[in-house]
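The chain contents come next:
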Amino acid sequence: MYCANCGSPMDPNAAVCIHCGYKAGCGAHYCTNCGNAAIAGATMCTHCGSLLASYVAQNAKSKLAAGLLGIFLGSFGVHNFYLGYTGKAVAQLLITLLTCGFGSVVSSIWGLIEGIMLLTGSITVDGNGLPLKD
Ligand SMILES: [Zn+2]
Ligand SMILES: [Zn+2]
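Residues numbered from 1 in each chain as written. Chains lettered and ligands numbered in written order. Predicted model: local features only at pLDDT ≥ 70, side-chain atom pairs only at ≥ 80, totals over all residues. Heavy atoms only, no water.

> So what's going on with the packing of helix α2 (residues 63-73) against helix α5 (residues 104-120)? Residues and values would help.
At a minimum axis separation of 7 Å, α2 and α5 run at an interaxial angle of 160°. Relative to α5, the element α2 is oriented roughly antiparallel. Relative to α5, α2 is oriented so that their crossing is left-handed. Of α5, the residues touching α2 (which contributes Lys 63, Leu 64, Ala 66, Gly 67, Gly 70 and Ile 71) are Gly 111, Leu 112, Gly 115, Ile 116, Leu 118 and Leu 119. Each residue belonging to the contact of α2 with α5 can be placed in one class, and the counts come to 7 nonpolar, 4 polar and 1 charged. (Axes fitted to C-alpha atoms, helices over the stretch in contact; angles between N-to-C directions. Helix = DSSP H or I, 4+ residues; strand = E, 2+ residues; numbered from the N terminus. Parallel < 35°, antiparallel > 145°, perpendicular 65-115°, else oblique. Left-handed = near helix turned anticlockwise from the far one by under 90°. Contact = heavy atoms within 4.5 Å. Nonpolar A, V, L, I, M, F, W, Y, C, P; charged D, E, K, R; others polar.)

> Lay out the coordination of the zinc ion (ligand 2) in plain terms, naming residues and giving numbers.
Those protein atoms acting as donors to the zinc ion (ligand 2) are Cys 31 (SG), Cys 34 (SG), Cys 45 (SG) and Cys 48 (SG), and they sit at 2.2 to 2.3 Å. One can describe the site at the zinc ion (ligand 2) as tetrahedral: its 4 donor atoms subtend angles covering 104 to 118° at the metal. In the primary structure, the donors to the zinc ion (ligand 2) are separated according to the pattern C-x2-C-x10-C-x2-C. Taken together, the residues Cys 31 in the segment before α1 (53-59) and Cys 48 in the segment before α1 connect sequence positions 17 residues apart. Looking at Cys 48, the relative accessible area reads 34%, which means it is partly exposed. (Donors = N, O, S within 2.8 Å, 3.2 Å for Na, K, Ca; no water. Tetrahedral: all angles 85-135°; square planar, octahedral: opposite > 155°, others 65-115°. Buried < 20%, exposed > 50% of the residue type's maximum accessible area, 1.4 Å probe, protein only.)

> Give a detailed account of α2, specifying residues and quantitative values.
Those residues of α2 lying buried are Lys 63, Ala 66, Gly 67 and Gly 70. Down the axis of α2, the sector holding all buried residues measures 100°, keeping them to one side. The secondary structure elements touched by the buried residues of α2 are α3 (78-83) and α5. (Arc of directions from axis to C-beta.)

> How would you summarise the coordination of the zinc ion (ligand 1) if you had to cite specific residues and measurements?
Perfect tetrahedral coordination of a metal by four donors corresponds to 109.5 degrees between them, and perfect octahedral coordination by six donors corresponds to 90 or 180 degrees. The zinc ion (ligand 1) binds to the protein through Cys 3 (SG), Cys 6 (SG), Cys 17 (SG) and Cys 20 (SG); the donor distances cover 2.3 Å. Viewed at the metal, the 4 donor atoms of the zinc ion (ligand 1) are separated by angles of 105 to 117°, and the geometry they form is tetrahedral. Cys 3 gets classed as buried once you look at its relative accessible area, which sits at 2%.

> Account for a nonpolar patch on the surface, naming residues and giving values.
On the surface, a nonpolar cluster with roughly 670 Å² of combined accessible area is contributed by Leu 64, Leu 68, Phe 72, Leu 73, Phe 76, Leu 97 and Leu 119. With 4 residues, the single largest contributor to the nonpolar patch is α2. With respect to the helices and strands, Leu 68 occurs in helix α2. Its relative accessible area of 38% is what places Leu 68 among the partly exposed residues. (Patch = residues over 30% accessible without salt bridge, like charges linked within 9 Å, V, L, I, M, F, W, Y side chains within 5 Å. Areas by Shrake-Rupley, 256 points an atom, 1.4 Å probe, with all protein chains shown as cover. Salt bridge = Lys/Arg side-chain N within 4 Å of Asp/Glu carboxyl O.)

Set out below in structure tokens:
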């Protein structure tokens, strides 16, 4: 692994870069996977194809927000719309709407379980495979 700020090789267990002091995974100049220079604003590394730390940091969805949405608005699939799991979200919404609300017992329990899984860390990526942030 490499520092995303200065491109120096880094111990994978280190929390900060010993060269520049940046936190691991922070910075927008280098690929953390291969250490090559990253193009500003790019989504992934042109050398190895791994997602860039700057992109992940900007686009990571909040685990807490998604969990709370699931617990309180799970019957409408709001947490899954937020995370980009559109298929599941539509299913939960339809269960609620097509049964005039009777099915919301099912979809809200489903949403509640997913909300708890999000908060406890059982779900760690969004619908696009990006890691969630705390
Ligand atoms: Zn560094
Ligand atoms: Zn790379």
